[in-house]
Every structure is written in structure tokens, then in C-alpha cells.
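Structure at a glance
Take a look at the letters that make up each chain.
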Amino acid sequence: MSNSNQSNSSTSKTTTNPKENQEQTVPKPPEGWKRLKWLGPSFLWMLSAAGSGELLFTPRIAALYGYSLLWALLAAVVLKWFINREVGRFSVCTGATILEGFRRLPGPKNWAIWLILVPQVVVAIATVAGLSGAAATALILVTGGTVQLWTVIIIAVTAAIVFLGQYKTVEKISSYVGIARTIAVVAAAIFVFPNLKNLGAGLLPQIPSDVQYQEILPWLGFMLAGAAGLMWYSYWVEARGYGAAALKQEEPLDPHQINEEERDRLKGWTTLMTLSNTLAVVGALLAALSFLILGGELLHPQGLVPKENQVAETLGSLLGNLWGPFGFWFMIAIVFITFCSTTLSVQDGFGRMFADGTNILCQGFGVQGRWTNEKFLRKAYIVGLLAVLPIGIYLIFGQPIALLQLAGGIEAAHIPIVTGLTLYLNHRMLPEKLQPSKITWAGTAIAGLFFAGFAIIYLLQLLGVMGSSG
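Residues numbered from 1 in each chain as written. Predicted model: local features only at pLDDT ≥ 70, side-chain atom pairs only at ≥ 80, totals over all residues. Heavy atoms only, no water.

1. As for the overall build of the protein chain
Using the following cut-off: The helix count covers DSSP runs of H or I at least four residues long, the strand count covers runs of E at least two residues long, and both are numbered beginning at the N terminus. Whether a residue is buried, partly exposed or exposed follows from its accessible area with a 1.4 Å probe, protein chains only, as a fraction of its type maximum: under 20%, in between, or over 50%, in that order. In what follows, a contact means two residues having at least one pair of non-hydrogen atoms within 4.5 Å. The sign given to each residue is positive for Lys and Arg and negative for Asp and Glu; His and the chain ends receive no count. The atoms used to mark charge sites are NZ of Lys, CZ of Arg, CG of Asp and CD of Glu.
Tallying secondary structure elements over the protein chain gives 17 helices and zero strands in all. Each principal axis of the C-alpha atoms in the protein chain carries an extent, and together these give about 70 × 50 × 45 Å. Looking at the protein chain as a whole, 58% of its 470 residues are labelled buried. The long-range fraction of contacts in the protein chain, counting pairs at least 24 apart against all pairs at least 6 apart in sequence, stands at 85%. Mean positive and mean negative side-chain charge positions of the protein chain (31 and 25 charges, respectively) differ by 3 Å.

2. Examining the nonpolar core
In plain terms, the rule: For our purposes a nonpolar core is just a set of buried Ala, Val, Leu, Ile, Met, Phe, Trp, Tyr and Cys residues, chained together by side-chain atoms within 4.5 Å.
Ranked by size, the top nonpolar core spans 141 residues in total, and within it Leu 99, Phe 102, Trp 219, Leu 220, Tyr 242, Phe 339 and Phe 350 carry the most contacts. With 19 residues, helix 14 (residues 311–364) is the largest single contributor of residues to this core. Setting aside chain neighbours within four positions, we find Phe 350 in contact with Gln 120, Val 123, Ala 124, Ala 228, Trp 232 and Leu 386.

3. Section: the packing of helix 11 (residues 213–222) against helix 17 (residues 438–462)
Formally: Axis geometry follows a simple rule: fit a line to the C-alpha atoms, using only the stretch in contact for helices, then measure angles between N-to-C directions, giving values from 0 to 180 degrees. Should an angle fall under 35 degrees it is called roughly parallel, over 145 degrees roughly antiparallel, and 65 to 115 degrees roughly perpendicular, with every other angle called oblique. Handedness of each helix crossing follows the sense of rotation of the near helix against the far helix: counterclockwise by less than a right angle gives left-handed, clockwise gives right-handed. For this scheme, ten residues count as nonpolar: Ala, Val, Leu, Ile, Met, Phe, Trp, Tyr, Cys and Pro. Four count as charged, namely Asp, Glu, Lys and Arg, and the remainder, Gly too, count as polar.
Where helix 11 meets helix 17, the axes come as close as 9 Å, and the angle between the chain directions of the two elements is 155°. By the angle between their directions, the pair helix 11 and helix 17 is classed as roughly antiparallel. Judged by the sense of rotation from one axis to the other, the crossing of helix 11 with helix 17 is left-handed. Mapping the contact onto sequence places Tyr 213, Gln 214, Ile 216, Leu 217 and Leu 220 in helix 11 and Phe 450, Phe 451, Phe 454, Ala 455, Ile 457, Tyr 458 and Gln 461 in helix 17. In terms of residue class, the contact of helix 11 with helix 17 is made up of 10 nonpolar, two polar and no charged.

4. Considerations on the environment of Ser 341
What counts here: Counting of polar contacts relies on pairs of N or O atoms within 3.5 Å, with two restrictions inside protein: one atom must be capable of donating a hydrogen and the other of accepting it, and residues adjacent in sequence are counted only when both atoms are side-chain atoms.
Tracing the sequence through the fold places Ser 341 in helix 14. A relative accessible area of 9% means that Ser 341 is categorised as buried. Put simply, Ser 341 and Glu 86 are 255 residues apart on the chain and 27 Å apart in space, counted from C-alpha to C-alpha. Looking at Ser 341, its side chain comes within polar contact range of the main-chain oxygen of Thr 338, at 3.0 Å.

5. Examining the environment of Phe 193
Structurally, Phe 193 is set in the loop between helix 9 (167–191) and helix 10 (196–201). Spatially, the C-alpha atom of Phe 193 lies 7.0 Å from that of Ile 293, the residues being 100 residues apart in sequence.

6. Structural notes on the packing of helix 12 (residues 227–240) against helix 16 (residues 400–429)
Running from amino to carboxyl end, helix 12 crosses helix 16 at an angle of 45°, the nearest separation of the two axes being 8 Å. In terms of their interaxial angle, helix 12 and helix 16 are classed as oblique. Contact residues: Ala 227, Ala 228, Gly 229, Leu 230 and Met 231 in helix 12; Glu 411, His 414, Ile 415 and Val 418 in helix 16. Grouping the amino acids of the contact of helix 12 with helix 16 by side-chain chemistry returns six nonpolar, two polar and one charged.

7. Considerations on helix 12
Using the following cut-off: Between the first and last residue of a helix there are one fewer steps than residues, each counted as 1.5 Å, and that sum is the expected span.
Taking 1.5 Å per residue, 14 residues should reach 20 Å; helix 12 reaches 21 Å between its end C-alpha atoms and fits that length. Among the 14 residues that make up helix 12, 12 are buried, leaving the element largely enclosed by the rest of the structure. Residues of helix 12 that are buried: Ala 227, Ala 228, Gly 229, Leu 230, Met 231, Trp 232, Tyr 233, Ser 234, Tyr 235, Trp 236, Val 237 and Glu 238. Positioned one or two residues after helix 12, Gly 241 has a phi angle of 85°, which is positive.

8. Here's the deal with the packing of aromatic side chains
So the rule is basically this: By convention, a stacked pair of Phe, Tyr or Trp rings (six-membered ring in the case of Trp) has centres within 6.5 Å and planes under 30 degrees apart, an edge-to-face pair has planes over 60 apart, and any other such pair is tilted. Sitting over a ring, as applied to charges here, requires NZ of Lys or CZ of Arg to be within 6 Å of the ring centre and within 35 degrees of the ring normal.
One pass over the full model with this rule turns up 14 aromatic pairs. With a centroid separation of 6.3 Å and an interplanar angle of 50°, the aromatic rings of Tyr 213 and Phe 454 are classed as tilted. With Tyr 213 in helix 11 and Phe 454 in helix 17, this residue pair connects regions lying 241 residues apart in the sequence. What makes Phe 454 buried here is its relative accessible area of 9%. The interplanar angle of 45° and the centroid separation of 5.8 Å between the aromatic rings of Trp 236 and Tyr 242 together place this pair among those described as tilted. Under the relative-accessibility criterion, Trp 236 is labelled buried at 7%. Clustering of aromatic rings is evident, with ring pairs tying together Trp 71, Tyr 213, Phe 450, Phe 451 and Phe 454. Across from the ring centre of Phe 163, 4.9 Å away, lies the NZ or CZ of Lys 379, which sits over that ring.

9. Structural notes on the side chain of Asn 426
Examined against the element boundaries, Asn 426 turns out to sit in helix 16. Within the structure, Asn 426 has its side chain in polar contact with the backbone oxygen of Glu 86 (distance 3.1 Å). Not counting chain neighbours up to four residues away, the residues in contact with Asn 426 comprise Glu 86, Arg 89, Phe 90 and Gln 435.

10. What about the environment of Leu 139?
With respect to the helices and strands, the residue Leu 139 is situated in helix 7 (residues 111–143). For Leu 139, a relative accessible area of 16% translates into the label buried. Along the backbone, Leu 139 and Trp 150 are 11 residues apart, and their C-alpha atoms lie at a distance of 7.3 Å. Setting aside residues no more than four positions away along its own chain, Leu 139 makes contact with Gly 144, Trp 150, Ile 154 and Phe 336.

Take a look at the structure:
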């Protein structure tokens, strides 16, 4: 799942007078019904976030392997709940983004920033190109033309929307479409609900014979959120003003330097963030399970697998087989709008993350001027990295699923790195009262090991060390 509100976060910080900072205190967390105002955005984020992981790869996995990997879907979503919570914990307790935290890790200057940003360059380009290509497969069914032409147009238009600062307006529209999509797929899944015995068999950890890990790894990597989406959550928490982020300080808050009452407040904000995170994860899981059931019941028996330039046509049959032409075209509309809105969120999120990271790196080298201006950097990345390069890459390769598999594989392999760095960061920078419990720490560590295991097996298969059979 790609996370859109996560990426829709403002990273600008207000410079405040040091004397004023001393007088500021962490605000009290909302109580009672007031909490709903803080949970709502998470609900909308969940509805609009179903992108490549849920809409494309989940039906594809079900078409190939039926319900045999249901256990992996459940594990990936639950384990990412732990990771997302730890990323959010850092921003709630310090008011800083996770990249700003990685900047403060011991060792060579900004080594962790380089470790994060360099692989994500490939992910950004391949994801934008792949999502736009998938969206174009829906458009040609309505308008004709070529997938290549519409892909170029989609990338250019979405980049222009983000560049001109109109993303929030479009996001509101896509969130309502997300509500309709979720209701439709859940209703359809209930209608074709499989035999409980067949579905339950998928809960037993197993690897299908002749499995291809280049199919599984990107699916798990993009499910709910990839490594980048998990980091974007800190931008969303910061922009929303959770906990220490409400102080809008230039430098991260040091939770060791505040009084006990303020630490209690930060703990309350962490609880609220956890509720918000849980709501989003449960909603995403419901959508993913629905797509798995539809793929398992409607695509798997027919051997229909969403492929490259037939992505939309194959996915359209999910509802078309149930509700006729209306269902088919409704699903085509869902495919187009979902992939376009996810493209927008990816361009917005990567633009902010790379601007933030470049600002940090330039400051480390003593560079001044426009190269430390995040607004300028963000627009430069939107044009160059997130529009021009994806267009070029798509025109050269022209395979949206292959491009998304490349991006998803890197995302999955990158998740253990983000997980390990975040756990160490929280241990190093947060007082004991605000650190994760032993159970939470263990769950987060297991999450990192889970994705690392699949990434290692995929690498061994790629190198020919082990065969495709599980």
C-alpha cells in the first residue's frame, strides 16, 4: 500500500526565538470525542492509499498462488504496524522527521542519509513510471491511443499538479473515490466469499511449489507502505502537529530535557498516534483481504494474471464477472483513479523526502543558498527525478509491472534497514519512559527480520544459488 497523507505532509519549520522556545510546553493530547478530529485524517489516508500493493500485486498473487500466501499478507501488514508506530514515535516525541533523526546517528557524517536516499532514487523513478503505465492501461480502454502516449501525459499532468501545489485538492476527491472503492471490493468479496476451509488453509505458513520470489518480494514490500512510505509517516505526524511537532522548533526537542508532566503528555500523544496508525492498518488489511479473495475466486480458476499492458482489463474482470458491464467499467475507473492518485502521492512524498535529505546533506558540506531551500529543492526534484526521468525510463523499458517489481523489491530489502535504524534511534534519543516496551521492540525487530529473510531468499534465487521451488 502506498501511504498518501503520509506523503502529503509539510516539512517546513518555523524559526522561533530561543527564549520563546524555553517558554513553550508540549500541548496536552486531546481527550474524549476530540480525539476523532485527530483520527479522521488517518481514515482518509487509509482509503486513498491502496496502490500497487493492494490493487495490483494482491490480485496478481492470488491469481498465481490462490490463498496459499494469506499468512504472508497478514504477517506483512501486522509487522508494518510495529515499524510505522516506531517511526511515528520518534516524530511525536521530538517534533522532527525520521531523516532528521538519522542525521544524528553516530559514525561518519550523514552516512545513514546516504544509505536511505541512494536506493530510493531508483525506487522513485521506477514507481512513478510503473504506476503511470498501469493507469494508462485503463485510459486506452476508454479513449484509444497508445499506453506510451498516455503514460507520458499522466506523468506530466500529475507532476504539474504537485509542482503547482494543488495536490491537496485532488487528494480530497480521491479519498471519496477510495471510500467507494473500499465499499465495492468488500461487498464483492463478501458476495464471492470462499469456503472457510480453503481460506483457512492459507493461514498455515507455506511456500507454494515453483514460487518466484520476484513476485512475492515486491508484493510484501509495497503492501500497506514500502520503506519510503513508512518514513513518510513521520512527515505526516510532524505536519499534523502531534506532540512535540506542535512546538514547530528549528531543532528537534530533547525529551530528556523536559519535565515529567510533559513526558506524560508525549506518552498520551504516542497513544493517540498508535490509535491512528491502528485504524489505518485495519482498514488497509480489510481492503487487501478483499482483493485477495476476489483474485483467488475470480482470477485464479481462470488462470487470469494481470500482465503489463493488460493490467486494467484483467482487473476490470474482478467486478465485471459479478456485476456485468457496470462492474467492469466501475473497476476500470477505480484502477485509473487509484493509480493516478498514488502517483501523485509518490511524487509529493519523494519530492519532500529528497528535499529534506538534500538540505541535510548540503548543510553537512557547508553549502548555502538555494540548495538548502527545501521549497526550491522539492520543485527541482518533482521536475527532474519524478517527471523527466520516469518518462525516459518508461519509454525505454515500457513494462509497468516489471518496473514496479523492481521498485517493490528494493523497498522490501530496504525495510530492515529503516527498521534497524529507527529502533536504534529511539533507544538512543528517547528517555526510558517514552521508549517502546520489550514486546513492541521485539515485534519491530521481528518485522525487520521477516522482510530481510524474504530479501535474502530472493537474492539467492536471483543468483541461482537456490531454485524457484520452496
